[in-house]
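Observations on the three-dimensional arrangement
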Amino acid sequence: MASHSLLEGKKGLIFGALDESSIAWKVAEQCHAEGATLVLTNAPVALRMGKIQQLGKQLNALVVPADVTRPEDIEALFQQTLEHLGGPIDFMLHSIGMSPNVRKKRPYYHLNYDWLYKTLDISAVSLHRVLQQAWHMDALAEGASVVALSYIAAQRTFPSYNDMAEAKALLESIVRSFGYHYGKRKGVRVNAVSQSPTPTTAGTGVPGFDSFLAFAEKNSPLGNASAEECARFCVMLFSDYAAKVTMQTLFHDGGFSMVGISEDIMQLFSEAYNH
Ligand code: NAI
């Protein structure tokens, strides 16, 4: 893994590494290669089912269980993280998403509202909860960098993305609002990275994921961005090279978000209609 020591001496907290396919897993590996000291966290059930302990060993990182819907878990997480790192946190990755409505195949016009609140709580409000806890414990260093992962369904409709679209729109709004307050208070940067479809546990749980992936690949001049490429982009945002970037949704999608229709897609349609 190529390294430029971009995060030498920095301390990070990474949410959401479940297995090798997770975007957070790749981010953790790249941050470690760039010289960072890490704490990894995930839901207690993910610690039992996933492979995060293996990653912890590989990266010499502390692994702490925390359900992001439970304030007491988050407080304990920050206490242990500050103790382990021996000082404030320089960067943080929020890489968390889950929708019971998507999981249980409820269509958008037949949502279970308790599940909708769960979707919003886990996938979006959790960012606020984490930042608010960090604020009250003064856990983030001056000029720290926070990145949350998002998807273009926050801006445009992708029907099978369902209520996760609402979650991502809320997440990006929290990025802006907390970005303002934390910027004023401590020069902390808060950004969202809107990533291409990526074959992970959360990604492949969206109905029709393979079509999403293939369509985005053909509609993006650079092709889809991989999890490894996303990891390198996150490292750049965590580094001092992005010192004045904040409150943004940054599209890391091979150009997908700026294309109406590509020649490749037109070709596919003309073949389909001419037969
Ligand atoms: P993933 O399934 O590997 O990661 C999702 C993580 O959320 C898992 O580690 C899971 O344990 C964690 N999580 C769920 N409930 C939790 C809770 N209550 N407390 C703490 N953690 C909890 O999948 P992926 O794709 O790496 O997802 C990471 C982020 O990237 C998510 O925000 C997702 O929406 C976003 N994203 C994914 C894309 C894709 O196509 N895979 C595209 C764009 C954004």
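That block above? That's the structure.
This write-up is about the structure you can find in this document. Residue numbers here run from 1 along each chain, matching the order of that chain's written sequence. Where local features are concerned, this predicted model is filtered to residues with pLDDT of at least 70; where side-chain atom pairs are given and counted, the filter is 80 or more; whole-chain, interface and lining totals use all residues. Water and hydrogen atoms play no part in the side-chain values, which are based on all heavy atoms of the structure.

**Topic: the overall build of the protein chain**
In terms of helices and strands, the protein chain carries 11 helices and seven strands. Over its C-alpha trace the protein chain gives a radius of gyration of 19 Å, about what one expects of a compact globule, namely 19 Å for 275 residues. Projected onto its principal axes, the C-alpha coordinates of the protein chain cover approximately 65 × 45 × 40 Å. The rule is simple: take the accessible area with a 1.4 Å probe, protein chains only, and divide by the maximum for that residue type; under 20% is buried, over 50% is exposed, in between is partly exposed. The buried share of the protein chain, reckoned over its 275 residues, is 52%. Should any heavy atoms of two residues lie within 4.5 Å, those residues are counted as being in contact. The long-range fraction of contacts in the protein chain, counting pairs at least 24 apart against all pairs at least 6 apart in sequence, stands at 76%. Areas reported here follow the Shrake-Rupley algorithm with a probe of radius 1.4 Å; residue values treat only the protein chains shown as occluding. Of the roughly 13,200 Å² that the protein chain leaves accessible, carbon and sulfur atoms contribute 55%. Charge separation in the protein chain, taken as the distance between the mean sites of 23 positive and 27 negative side-chain charges, equals 4 Å. Note on conventions: DSSP H or I runs of at least 4 residues are helices, E runs of at least 2 residues are strands, and numbering of each starts at the N terminus. For the radius of gyration, the atoms used are the C-alpha atoms, and the globule rule reads 2.2 Å times the number of residues raised to 0.38. We treat Lys and Arg as the positive residues and Asp and Glu as the negative residues; His and chain ends play no part in the count. Positions of charges follow a simple convention, taking NZ of Lys, CZ of Arg, CG of Asp or CD of Glu.

**Concerning the packing of helix α1 (residues 23-33) against helix α10 (residues 227-238)**
It is at 8 Å that the axes of α1 and α10 come closest, and there the two elements cross at 55 degrees. Taken together, α1 and α10 sit at an angle that is classed as oblique. Where α1 crosses over α10, the two elements pack in a sense that is right-handed. Within the contact between the two elements, α1 uses Ile23, Lys26, Val27, Gln30 and Cys31 and α10 uses Ala227, Glu228, Cys230, Ala231, Arg232, Cys234, Val235 and Phe238. Across the contact of α1 with α10, the residue classes tally to nine nonpolar, one polar and three charged. Axes here refer to lines fitted to C-alpha atoms; in helices the fit is confined to the stretch in contact. Angles between the N-to-C directions go from 0 to 180 degrees. Reported orientations rely on four angle classes, namely roughly parallel under 35 degrees, roughly antiparallel over 145, roughly perpendicular from 65 to 115, and oblique for the rest. Handedness of a crossing follows from how the near helix is turned relative to the far one, being left-handed for an anticlockwise turn of less than a right angle and right-handed for a clockwise one. Here the nonpolar group is Ala, Val, Leu, Ile, Met, Phe, Trp, Tyr, Cys and Pro; Asp, Glu, Lys and Arg are the charged ones; every other residue, Gly included, is treated as polar.

**Some points on the nonpolar core**
As used here, the term nonpolar core means buried Ala, Val, Leu, Ile, Met, Phe, Trp, Tyr and Cys residues forming a set that is joined through side-chain atoms within 4.5 Å. Ile14, Val27, Cys31, Leu38, Leu40, Leu93 and Phe238 are the most contacted members of the largest nonpolar core, which totals 33 residues. For this core, the secondary-structure elements that each account for two or more residues are α1, β2 (37-42), α3 (52-59), β4 (89-94), β5 (140-150) and α10. Considering every element that reaches this core, the biggest residue donor is α10, with eight residues. Ranked by size, the runner-up nonpolar core spans 32 residues in total, among them Leu13, Ala124, Val190 and Ala192.

**Comments concerning the site of the ligand**
Note on terminology: near, applied to a residue and a molecule or strand, indicates that one of the residue's heavy atoms is within 4 Å of it. Surveying the vicinity of the ligand reveals 28 residues, the closest of which are Ser22, Asn42, Lys168, Thr198 and Thr200. Pairs of N or O atoms within 3.5 Å make up the polar contacts considered here, provided that, within protein, one atom can donate a hydrogen while the other can accept it, and that residues adjacent in sequence are counted only when both atoms are side-chain atoms. One of the backbone N or O atoms of glycine 16 is found 2.9 Å from an oxygen atom in the ligand. Compared with its free state, where it exposes 820 Å², the ligand has 92% of that area covered by protein. Residue assignment for the shell around the ligand shows that the elements contributing at least two residues are β5 and α8 (201-204). The element best represented in the shell around the ligand is α8, accounting for three residues. Of the residues belonging to the shell around the ligand, the class tally is 14 nonpolar, 12 polar and two charged.

**Re unusual backbone geometry**
The backbone of asparagine 60 shows a phi angle near 55 degrees, a positive value even though the residue is not glycine. Locating asparagine 60 in the fold gives a position in the loop between α3 and β3 (62-65). Of note in the backbone geometry, lysine 105 takes a positive phi value of approximately 60 degrees without being a glycine. Note that lysine 105 resides in the loop between α5 (100-103) and α6 (113-137). Accessibility expressed as a relative area gives 70% for lysine 105, which makes it exposed.

**Observations regarding the pattern of salt bridges**
One side-chain nitrogen of Lys or Arg within 4 Å of one carboxyl oxygen of Asp or Glu is enough to make a salt bridge. In total, this model carries seven salt bridges according to the counting rule given. Across the pair glutamate 72 and arginine 70 runs a salt bridge, and its minimum N-O distance is 3.1 Å. With a relative accessible area of 43%, glutamate 72 lands in the partly exposed category. Since its relative accessible area comes to 39%, arginine 70 is described here as partly exposed. One network of salt bridges, with partners in common, ties together Arg70, Glu72 and Asp73.

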